[in-house]
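# Results of the structural survey
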2 protein chains.
Amino acid sequence: MDYTKYVSQDIKSSLKHDPPGAWMPSVPAGCVRLSSGFPDASLVPVDELQQASTRLLREERDLPLHYVGSPKIDQLQTWLIARMKQRHIHIKQEELLVTSGACQAIDLIARILMDEETCVVVESPTYMEALEIFRNYTDRILTTPVDENGLNTVELEKMLAQRMLENKPLPKVLYTIPTFQNPTGTTLSNERRTHLLKLASVYDFLIMEDDAYGELYFNEPVPTLKSLDQEGRVLYIGSLSKVIAPGMRIGWVAADKVWIQTLFRFKKDLDHPFSQSVMATYLETVNWPNHLNKLQGAYQSKCKVLTDALATYMPKTVSWTKPDGGYFVWLTIQGADTSKLLDQATRAGVSYIPGKYFFLEKEKGMEYLRLSFSAAGEEEIVEGVKRLAGVIGG
Amino acid sequence: MDYTKYVSQDIKSSLKHDPPGAWMPSVPAGCVRLSSGFPDASLVPVDELQQASTRLLREERDLPLHYVGSPKIDQLQTWLIARMKQRHIHIKQEELLVTSGACQAIDLIARILMDEETCVVVESPTYMEALEIFRNYTDRILTTPVDENGLNTVELEKMLAQRMLENKPLPKVLYTIPTFQNPTGTTLSNERRTHLLKLASVYDFLIMEDDAYGELYFNEPVPTLKSLDQEGRVLYIGSLSKVIAPGMRIGWVAADKVWIQTLFRFKKDLDHPFSQSVMATYLETVNWPNHLNKLQGAYQSKCKVLTDALATYMPKTVSWTKPDGGYFVWLTIQGADTSKLLDQATRAGVSYIPGKYFFLEKEKGMEYLRLSFSAAGEEEIVEGVKRLAGVIGG
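Residues numbered from 1 in each chain as written. Chains lettered and ligands numbered in written order. Predicted model: local features only at pLDDT ≥ 70, side-chain atom pairs only at ≥ 80, totals over all residues. Heavy atoms only, no water.

In this chain, A:Asn182 is followed by A:Pro183 through a cis amide linkage whose omega measures 15°. Positionally, A:Pro183 belongs in the loop between strand S6 (173-176) and helix H6 (190-202). Along the chain, B:Ser124 connects to B:Pro125 via a cis peptide bond; the corresponding omega equals 5°. Summarising the element assignment, B:Pro125 is placed in the loop between strand S3 (120-124) and helix H4 (128-135). (Helix = DSSP H or I, 4+ residues; strand = E, 2+ residues; numbered from the N terminus.)

So this is what it looks like as structure tokens:
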């Protein structure tokens, strides 16, 4: 049966690309996992979630097991709104949509904004899942480089001006992780934040701000783009995956009411009453500032262990970013092909993600790789760096 | 800010329609809920799911709280494959995709098959959520009437032949709930099942078989379309919502590998490790035939209570379907406008869903309404029917 004749015109171009997750390295047992962007196992509140689940079902019985019914769904929304306030984002309930993680939020926004004519700008490098999502909608993906101060807005402005001059289509939306970026760990400077919002206004585009790591700062919080946005151009994406547990699949969008209403039309998995209600029950008992402090301290310490080990063991051909928060450090290895190197690395007992998967043009990422300090323990991190340094040579 | 200039061309036509859930009647407290398509509270395994959740997190700790990791995800798939065998559907793991309920399954299939040029056939009346989903992709929705033997395949054939003769676009896909249909409760006869598959082959269309109610038979099981399909034309949609608990959001697609791979590209909420793992843990302890027997007996009894009460209290202007399974009975009230009647009914203390919401052309459904016997208790059902009969008059 020739199945291609049945598929929608809209998806035909996306079928050209690699299937999702093709980038995921298979990690042999015994490897130090510096590839995994998971939270540290010891920081996932397993017992608290277990108690929350028990308490919820004892108190509410079948309510959270129906399509609707548990008051905890509202309670979760109220909690998220309060949390947004701590990020200096002031929203009402109709400006919030709870999603199945940040990924669904990105996909829903793409669904309502992007068709095959749509130009979108992404950071180079960027989050590979976002790239995979956008490729499902359009081939018109433009890139702007990221440096140690995040997205280079001067380069962005040059590109926009050039495209305008040449009468080329201008982007309708830009996707960014401005704070503790995945994969580079870098943060957009305050000056560039202002510049980016100004460019959005002048060139009339929207901004998808992915703030999955924003609360995991080591020293001080960074203002969100959304909190600086005067024109309603920012669609903010939040997530509980990095600060509580990804397996609960809870993310959200904070944006103007008209966007939330439009996104809601296309959110066809309905709500997730059980997992959202368990989460709301857990959150009743959590002292959030203390919880965040604990995470921030732990990840700061692990980041220092990683960068200290890099300084000790890596040859001079290797340089890396110094993040102020988040999960990731980005390595540059002069002259390397990190895709080829991966096989040796996993045989030596350490995993990472090769740089090419974070670039639109895969030939660009050969000298880079992403290390995550979130999942592995401190001693493992040092051991992993030693093994990686041995493979890179000197 | 004029937001319409940013939205995708692909979604502009869907914005004309009512927002999702606009049909949902608000049900005042004290009403007998004959509107709700929920499982009976006493049949939702609350304690068992609570124990499963506790056991899972004690045994596996953080594994089911990460993106991947718990072996229970595979175990759920294995269980679903075994269950498919009981429906005479023989699939391998690569022919299965677990989704967030049947709704996400319907949406994903629509996503890969439908663009604005696509013709789709639905039953008239049909499941309103499916209608809402298809309207997000295309305005070319055709209908075929349902009678006491389900979708009228003779009418379908007439329409197809006529369209072919007139050189009109032919449907690429047909959506059906062949067994204990929502909203009518009717079941497609075996003869029509064969006829429908033959039409699919001759006129070259695919079939989405929504089998959410298929196991809730009162007397004997009905063969699925998928089990009769020789050409790989049927994409089967299953759900645990009606037989365990909708709040867990677990559904699936069983179809040829190429379809599953294509659907997977667009499933951007990732998996739901926590709720899928809790479900898998619960299923380890369940004697499924016993569980189904219990449900079948309970719903058969409630259905009889409802139809007996209808026979006792309804005037002669009212007739109804006699389902052999599922959740629903479909009423025809000669000369009524069931939308207008709803206000009186809820004031009298009973709720239902007016017929018009299940029709593409809303003027068609005025004389109909859907009653559900699933959620209310037996005494409540009788009381609800009395109240409704009082409102209808005689």
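A word on H4(B). For an α-helix, 3.6 residues make a turn, and residues three or four places apart therefore share a direction. Of all eight residues that make up H4(B), eight are buried, and the element is covered over most of its length. In the core, the buried residues of H4(B) are packed alongside helix H3 (101-113), S3, strand S4 (141-147), strand S6 (173-176), strand S7 (206-210) and strand S13 (353-354) of chain B. (Buried < 20%, exposed > 50% of the residue type's maximum accessible area, 1.4 Å probe, protein only. Contact = heavy atoms within 4.5 Å.)

Further remarks concern the interface of chain B and chain A. Facing 77 residues of chain B, the contacting portion of chain A comprises 77 residues. Carbon and sulfur atoms supply 63% of the area buried between chain B and chain A, which totals about 6900 Å² over both sides. The largest per-residue losses of area from chain B upon contact with chain A belong to B:Tyr6, B:Arg265 and B:Lys268, which jointly make up 12% of the total buried on that side. There are six salt bridges connecting chain B and chain A. B:Asp47 is paired through a salt bridge with A:Arg61; the nearest N and O atoms lie 2.8 Å apart. The tally of links from chain B across to chain A stands at 36 residue pairs in polar contact (both at pLDDT 80 or more). (Buried area = accessible area lost by both parts, 1.4 Å probe. Salt bridge = Lys/Arg side-chain N within 4 Å of Asp/Glu carboxyl O. Polar contact = N/O pair within 3.5 Å; in protein donor to acceptor, adjacent residues only side chain to side chain.)

Let us now look at the domain arrangement of chain A. Residues and elements named next belong to chain A. Each assigned domain of chain A is listed with its residue range as follows: domain 1 (27-44 + 290-392) and domain 2 (47-284). The gap between the C-alpha centroids of domain 1 and domain 2 is 25 Å. Contact residues are listed per partner, giving 28 residues for domain 1 and 28 residues for domain 2. Taken together, both faces of the contact between domain 1 and domain 2 bury some 2500 Å²; the carbon and sulfur share is 62%. The largest per-residue losses of area from domain 1 upon contact with domain 2 belong to Gln 296, Phe 358 and Leu 360, which jointly make up 24% of the total buried on that side. (Domains from an automatic or database assignment.)

This next bit is on the sheet that holds S13(B). Residue and element names in this part refer to chain B. Ordered in space as S10-S11-S14-S13, the four strands form an open sheet in which the pairing is antiparallel. Of all strands in the sheet, those bounded by a partner on one side alone are strand S10 (318-320) and S13. As defined by bridge partners, strand S11 (residues 328-333) adjoins strand S14 (residues 368-372) across five bridges and the pair is classed as antiparallel. The residue of S14 that forms the bridge with Leu 331 is Leu 369. (Pairing = 2+ DSSP bridges.)

The way to describe two aromatic rings as a pair is by their centre distance and the angle between their planes. Per the counting criterion, the structure on display carries 29 aromatic pairs over all chains. Summarising the aromatic geometry, the rings of A:Tyr299 and A:Tyr327 are spaced 5.0 Å apart at their centres and angled 45° between planes, so their arrangement reads as tilted. Here the residue A:Tyr299 occupies a position in helix H10 (residues 288-313), and A:Tyr327 occupies one in the loop between strand S10 (318-320) and strand S11 (328-333), the gap between them amounting to 28 residues. Where B:Phe218 meets B:Phe373, the ring centres are 6.3 Å apart and the plane angle is 50°; that geometry is what we call tilted. On the criterion of sequence distance, the pair formed by B:Phe218 in the loop between S7 and helix H7 (225-228) and B:Phe373 in the loop between S14 and helix H12 (378-392) is long-range, its members being 155 residues apart. (Phe/Tyr/Trp six-rings, centres within 6.5 Å; stacked < 30°, edge-to-face > 60°.)

UniProt records the feature "domain: Aminotransferase class I/classII large" (unreviewed entry) for residues 31-383 of chain A in the present numbering. Note that residues 31-383 of chain A is 41% helix and 16% strand, and that its end C-alpha atoms are spaced 10 Å apart. (UniProt positions renumbered as here; feature names shortened; annotations may be inferred.)

With that settled, the discussion passes to the sheet that holds strand S9 (residues 251-254) of chain B. The strands that make up a sheet pair up through hydrogen bonds in the backbone, lying either parallel or antiparallel. All names here are of chain B. Read across the sheet, eight strands follow the order S2-S9-S8-S7-S6-S3-S4-S5 without closing on themselves; strand pairing throughout is mixed. A strand with exactly one partner marks an edge of an open sheet, and here the two such strands are strand S2 (96-99) and strand S5 (150-151). Bridging between S3 and S4 involves five bridges; their strand directions are parallel. Its bridge partner lying in S4, Ser 124 is registered against Pro 145.

Here B:Ser275 shows up in helix H9 (residues 273-284). For B:Ser275, a relative accessible area of 6% corresponds to the buried category. If near-sequence neighbours (up to four positions away) are discounted, B:Ser275 is found in contact with A:Phe274, B:Met248 and B:Ile250.

Turning our eyes to something else, we now look at the packing of helix H3 (residues 101-113) of chain A against helix H4 (residues 128-135) of chain A. All names here are of chain A. It is at 10 Å that the axes of H3 and H4 come closest, and there the two elements cross at 30°. Classified by the interaxial angle, the pair formed by H3 and H4 is roughly parallel. Both H3 and H4 take part in a crossing whose hand is right-handed. Only Glu 129, Ala 130, Ile 133 and Phe 134 of H4 make contact with H3, whose side of the interface consists of Cys 103, Ile 106, Asp 107 and Ala 110. Its residues assigned to classes, the contact of H3 with H4 comprises six nonpolar, no polar and two charged. (Axes fitted to C-alpha atoms, helices over the stretch in contact; angles between N-to-C directions. Parallel < 35°, antiparallel > 145°, perpendicular 65-115°, else oblique. Left-handed = near helix turned anticlockwise from the far one by under 90°. Nonpolar A, V, L, I, M, F, W, Y, C, P; charged D, E, K, R; others polar.)

Once that is clear, we can look at a negative patch on the surface. On the surface, A:Asp10, A:Glu116, B:Asp10 and B:Glu116 cluster together to form a negatively charged patch. Relative to the helices and strands, A:Glu116 is located in the loop between H3 and strand S3 (120-124). Its relative accessible area of 59% is what places A:Glu116 among the exposed residues. (Patch = residues over 30% accessible without salt bridge, like charges linked within 9 Å, V, L, I, M, F, W, Y side chains within 5 Å. Areas by Shrake-Rupley, 256 points an atom, 1.4 Å probe, with all protein chains shown as cover. Lys, Arg positive; Asp, Glu negative; His and termini not counted. Charge placed at Lys NZ, Arg CZ, Asp CG, Glu CD.)

With that settled, consider the pairing of S2(B). Residues and elements named next belong to chain B. Covered by surrounding structure in S2 are Leu 96 and Val 98 together with Leu 97 and Thr 99, the residues of both alternating faces. Where S2 and S9 come together, four bridges link them in antiparallel fashion. Along S9, the bridge assignment pairs Leu 97 with Val 253.

With that settled, the discussion passes to the relation of the copies chain B and chain A. When chain B is fitted onto chain A, the two copies agree to an RMSD of 0.0 Å after a turn of 180° and an axial shift of 0.0 Å. Here the transformation between the copies is reduced to the relation of a two-fold axis. (Least-squares fit on C-alpha atoms with pLDDT ≥ 70 in both.)

This part covers the pattern of salt bridges. According to the stated counting rule, one finds 40 salt bridges over all chains in the structure shown. The closest approach of N and O atoms between B:Asp204 and A:Lys5, which form a salt bridge, is 2.9 Å. Highlighted residues: B:Asp204 in the loop between helix H6 (190-203) and S7 and A:Lys5 in the segment before strand S1 (32-33), drawn from two different chains. B:Asp204 gets classed as partly exposed once you look at its relative accessible area, which sits at 26%. A relative accessible area of 47% means that A:Lys5 is categorised as partly exposed. Linking A:Lys302 and A:Asp40 is a salt bridge whose minimum nitrogen-to-oxygen distance equals 2.4 Å. Of this pair, A:Lys302 sits in helix H10 while A:Asp40 sits in the loop between S1 and helix H1 (46-60), and the two are 262 residues apart along the sequence. The burial state of A:Lys302 is the same as that of A:Asp40; both residues are buried.

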